[in-house]
Amino acid sequence: AINAANDPAALWATLGPVVPVRADDVQFEIFGDHGALAFDLNAAGKAELAAVPEMDTDGRRRLLTEGARSPFKDLADVRRRLPGLNLGRLAAISE
């Protein structure tokens, strides 16, 4: 078990950096607000990835498996580690 109070670096190594991404072609409306799907790629689960139209079940599995092995540094890291993965129109959000 990770004890973040005693070793914050251990928690950071498990979670990884925030990798903000968006899918502009996936629009939503919640309580009158409209926007594009946006999420942290390192914290994403099956539900977020299932909303990316071009990503199939095998692609989602590959992404989740590789991310669990080691968190992604950025979207370019995903492309390097998972060549051929169809990310569709998923794009990095610049900070």
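Please refer to the structure higher up on the page.
Residues numbered from 1 in each chain as written. Predicted model: local features only at pLDDT ≥ 70, side-chain atom pairs only at ≥ 80, totals over all residues. Heavy atoms only, no water.

Novice: Can you break down the pattern of salt bridges residue by residue, with the values?
Specialist: Between side chains of opposite charge, a pair can form as their charged atoms come close. Applying the stated criterion to the full structure yields eight salt bridges. Here E66 and R81 are joined by a salt bridge, their closest N and O atoms 2.9 Å apart. Note that E66 is positioned in helix α3 (residues 57-69) and R81 in helix α4 (residues 75-81), a separation of 15 residues in sequence. Assessed through its relative accessible area of 14%, E66 is described here as buried. A salt bridge links D77 to R80; its shortest N-O distance comes to 3.7 Å. Here D77 pairs with R80, and both are found in helix α4, just three residues apart, close to one helical turn. Ionic contacts of the salt-bridge type, sharing partners, join the residues E66, R69, D74, D77, R80 and R81 into one network. (Salt bridge = Lys/Arg side-chain N within 4 Å of Asp/Glu carboxyl O. Helix = DSSP H or I, 4+ residues; strand = E, 2+ residues; numbered from the N terminus. Buried < 20%, exposed > 50% of the residue type's maximum accessible area, 1.4 Å probe, protein only.)

Novice: Talk me through α3; I want residue IDs and the actual numbers.
Specialist: Here α3 contains 13 residues, and its C-alpha end-to-end distance of 18 Å stays within 8% of the 18 Å for a straight helix at 1.5 Å per residue. Within the span of α3, buried status applies to G59, R60, L63, E66 and G67. Seen end-on, α3 carries its buried residues on one side only, within an arc spanning 140°. Along α3, the residues that are exposed and aim more than 90 degrees away from the buried face are T57, A68 and R69. (Expected span 1.5 Å × (residues − 1). Arc of directions from axis to C-beta.)

Novice: Pulling in residues and values, what's your account of the pairing of strand β1 (residues 20-30)?
Specialist: With eight bridges connecting them, β1 and strand β2 (residues 33-40) associate as antiparallel partners. Bridged to V21 within β2 is F39. Turn length for the β1-β2 hairpin, with the two strands adjacent in sequence and antiparallel, is two residues, and the turn residue F31 shows positive phi of about 50°. (Pairing = 2+ DSSP bridges.)

Novice: Report on the sheet that holds β1, specifying residues and quantitative values.
Specialist: The strand order β2-β1-β3 describes an open sheet built from three strands, whose pairing is antiparallel. Edge positions in the sheet fall to β2 and β3 (91-92), since each has one partner strand and no second.

Novice: Which residues make up the nonpolar core, and what are the values?
Specialist: In this structure, F39, L41, L63, V78 and L90 are the most contacted members of the largest nonpolar core, which totals 19 residues. Taken together, the elements giving at least two residues each to this core come down to β1, β2 and α4. When residues of this core are assigned to their parent elements, the largest contribution, three residues, is made by β1. Those residues in contact with F39 that lie beyond four places of it in its chain are V19, P20, V21, A44, E48, L49, V52 and L90. (Core = buried A, V, L, I, M, F, W, Y, C linked by side-chain atoms within 4.5 Å. Contact = heavy atoms within 4.5 Å.)

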